[in-house]
Amino acid sequence: MKALFESFSKLVAKIRGLTYIDEETLREILKEIQRTLLKADVSVEIVYSITKNIEKKFKESKVPEGVHPKDYLLYLLYTELVNALGGDVPPQVDIPKRPYKLMLVGIEGCGKTTSAAKLAYFYTKNKKLKVGLIQTDVHRPGAREQLKQLAEKIGVPFYGDPGHGDPYRIAQEGIEHMLKRGVDLIIIDTAGRHKSETELMEEIKRLYDIVKPDEVMLVIDATSGKQAAAQAEAFMKYVPIHSIFVTKMDSTARGGGALMSVIKTGAKIKFIGTGEDVEEIEIFNPRRFVARLLGLGDLETLVEKIRALEEEEKIVKEVEKEIEEGKITLLTLKKQLETIMKLGPLSKLFELLPTSMFPAPVLKNISDEQLQLTQQKLKRWYAILQSMTMEELLNPDILDASRIRRIARGSGTSPKEVRELLQYYQLIKRLVSDMKKSRKRLPKSLLKQIDINLGELGM
Ligand code: GDP
Ligand code: MG
């Protein structure tokens, strides 16, 4: 994947080198992104939609405070690429039942036989399954020997043509052979070439009807770039394709194109092959792949930070709205604390905290010790809120002595602390409703005003 990585790391270096981003630099960078993607053989329409989305989001959404615009741009590039590659969640590779029949299909030379062996290795070693390999390819000379040797190398049972040359019988006999040996996962390799394409597809279809596989995995060669989709569609006319194995990711700059092209067909990429050896197999993880593609070790941290900030933005708005409507509940408080704890002193909500609510005043130049005390207190209050039921959070009036005892026990705090939190909540509520009555516009930092009153409570 070296070539692919090189062109992306150049792009990233360019973005990282920006000091400010105006209309013109943005346009230039978007063009650079397009060039890089096209070079990776990503189809024009996907390239266009990726850059369009980045442009739109960059212009429309506010760059979160504390984040440099160039980092935000990288973040957008990252998210768009992850989405184009199948989204946030890595594929599920565990087999859902035993025995499980997995049939591999794909054109000749794409790496089916090698990948069959890699899968046998992967499931034997990482999932501790008993795996068996069947070769039904009778067209390619040496196909039987090839898989037999690989099976021996890994140490798994093998079944191939005993001499009759009938792929359908081999499949049937092979499955019986494996079932007798108590194999959990039966992997069936198939031919990739026949007298004609139609004949190949018909053979695959008939094998499918006989084998009745639980999963059909299409093997695609990464060097086929954006042509990968056409290959996938050709097979899909004959058999359902459940998953995809993209091979030879190590030897091409067009791997990105192949990956994005097959995603379009709706099938999920499960594995990638990164070399000729049986160990060179990886579960395809879009997030990890893109982070590596962009060559950013720290990208995940950046992404987490930006996500939390965006979430905070939403919660700040929600809280402000609830305050404005005088509808503040313990759930409001809980959400607030959640975000504060995630973002720490970075948080805008943190600054909203009344300064005497906690042992330490939340000021700009707060000492580490004070900060720690504040955070400890926050954690205890959050634990209390976590021990409450949704009903209690939304309707704190029902909290009687026995509920308070239960909550204290559940959160490892004391009833006194639970009462303290409730007093604090009542106070905010009173203030909010007083302010509403006096029809004053509520200041955003309303909570700061509570300082004075909290003093009276001895908190
Ligand atoms: P089949 O015709 O689809 O069964 O393909 P084979 O498994 O025989 O593989 C064709 C060629 O591709 C062989 O030389 C393999 O070593 C090679 N190959 C398969 N997978 C990979 C891979 O992930 N990386 C590299 N570099 N070569 C691979
Ligand atoms: Mg083969």
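As a reminder, the structure under discussion sits directly above these lines.
Position labels on residues start from 1 in each chain and follow its written sequence. To read the labels, note that chains go from A and ligands from 1, taken in the order they are written. Local features are withheld for residues below a pLDDT of 70 in this predicted model, meaning they are given only at 70 or higher, and side-chain atom pairs are given and counted only at 80 or more; totals for whole chains, interfaces and linings count all residues. Only hydrogens and water are set aside when side-chain values are computed; all heavy atoms of the structure are taken into account.

**Topic: the packing of aromatic side chains**
Here is step 1: Each aromatic pair joins two rings of Phe, Tyr and Trp (for Trp, the six-membered one) with centres within 6.5 Å, and gets the label stacked for planes under 30 degrees apart, edge-to-face for over 60, and tilted for any other angle. Using the criterion set out here, one finds eight aromatic pairs in the structure.
Here is step 2: Seen in terms of ring centroids, Phe58 and Tyr72 are 6.4 Å apart; in terms of plane orientation they differ by 35°. Their pairing is tilted. Linking Phe58 in helix α3 (residues 44–60) with Tyr72 in helix α4 (residues 69–84), this pair joins segments that are 14 residues apart in sequence.
Here is step 3: Looking at Phe58, the relative accessible area reads 12%, which means it is buried.
Here is step 4: The buried label goes to any residue with under 20% of its type's maximum accessible area, the exposed label to any with over 50%, and the partly exposed label to all in between, with areas taken from a 1.4 Å probe on protein chains only. On the basis of relative accessible area, Tyr72 is assigned to the buried category, the value being 1%.
Here is step 5: Measuring from centroid to centroid gives 6.2 Å for Tyr123 and Phe271, while their planes differ by 75°, and the two rings are edge-to-face. With Tyr123 in helix α5 (residues 112–127) and Phe271 in strand β7 (residues 268–273), the pair connects residues that are 148 residues apart, well separated along the chain.
Here is step 6: Using a relative accessible area of 0% as the deciding quantity, one classes Phe271 as buried. The numbering of helices and of strands both runs from the N terminus, where a helix is a DSSP run of H or I of at least 4 residues and a strand a run of E of at least 2.

**Notes on α4**
Here is step 1: With 16 residues, α4 extends 22 Å from end C-alpha to end C-alpha; this agrees with the ideal 22 Å at 1.5 Å per step.
Here is step 2: Taken across its 16 residues, α4 has 14 buried, putting it largely inside the fold.
Here is step 3: Backbone geometry just downstream of α4 places Gly86 in the positive-phi region, at approximately 115°. How far a helix is expected to stretch is found by multiplying one less than its residue total by 1.5 Å.

**Re the pattern of salt bridges**
Here is step 1: When a carboxyl oxygen of Asp or Glu lies within 4 Å of a side-chain nitrogen of Lys or Arg, that pair is called a salt bridge. The final tally for this structure, using the stated rule, is 23 salt bridges.
Here is step 2: For Glu55, the salt bridge is made with Lys59, and the minimal N-O distance between the two is 2.9 Å. Of this pair, Glu55 and Lys59 both sit in helix α3, separated by four residues, roughly a single helical turn.
Here is step 3: Take Lys59: its relative accessible area is 44%, and that puts it in the partly exposed class.
Here is step 4: Of the charged contacts in the structure, one is a salt bridge between Arg140 and Glu108, with a shortest N-O distance of 3.9 Å. Placement of Arg140 in the loop between β2 (131–135) and α6 (143–154) and of Glu108 in the loop between β1 (100–105) and α5 is noted, with a sequence separation of 32 residues between them.
Here is step 5: A relative accessible area of 39% means that Arg140 is categorised as partly exposed.

**Some points on the side chain of His177**
Here is step 1: Structurally, His177 can be placed in helix α7 (residues 167–180).
Here is step 2: Residue classification places His177 among the buried residues on the basis of a relative accessible area of 18%.
Here is step 3: Contact criterion: two residues are considered in contact whenever any of their non-hydrogen atoms come within 4.5 Å of each other. Setting aside its immediate chain neighbours within four residues, His177 contacts Phe158 and Tyr159.

**Considerations on the nonpolar core**
Here is step 1: Leu37, Leu81, Ile241, Ile244, Leu259, Met260 and Ile269 are the most contacted members of the largest nonpolar core, which totals 79 residues.
Here is step 2: Per-element accounting of this core gives the leading share, 10 residues, to α4.
Here is step 3: If near-sequence neighbours (up to four positions away) are discounted, Leu81 is found in contact with Phe8, Leu37, Ile50, Met260, Val290, Leu293 and Leu294.
Here is step 4: By convention a nonpolar core is built from buried Ala, Val, Leu, Ile, Met, Phe, Trp, Tyr and Cys residues, the set being connected through side-chain atoms within 4.5 Å. One finds Leu102, Leu129, Leu150 and Val156 within the second-largest nonpolar core, a separate group that totals 30 residues.

**A few points about the environment of Leu102**
Here is step 1: Looking at the secondary structure, you find Leu102 in strand β1.
Here is step 2: Classification of Leu102 by relative accessible area gives buried; the value is 3%.
Here is step 3: Through-space distance from the C-alpha of Leu102 to that of Leu185 is 7.3 Å; in sequence the pair is 83 residues apart.
Here is step 4: Residue contacts for Leu102: discarding those within four places in its chain leaves Leu119, Leu185, Ile186, Ile187, Ile188, Glu215 and Met217.

Purely spatial values, then, with no claim about function.
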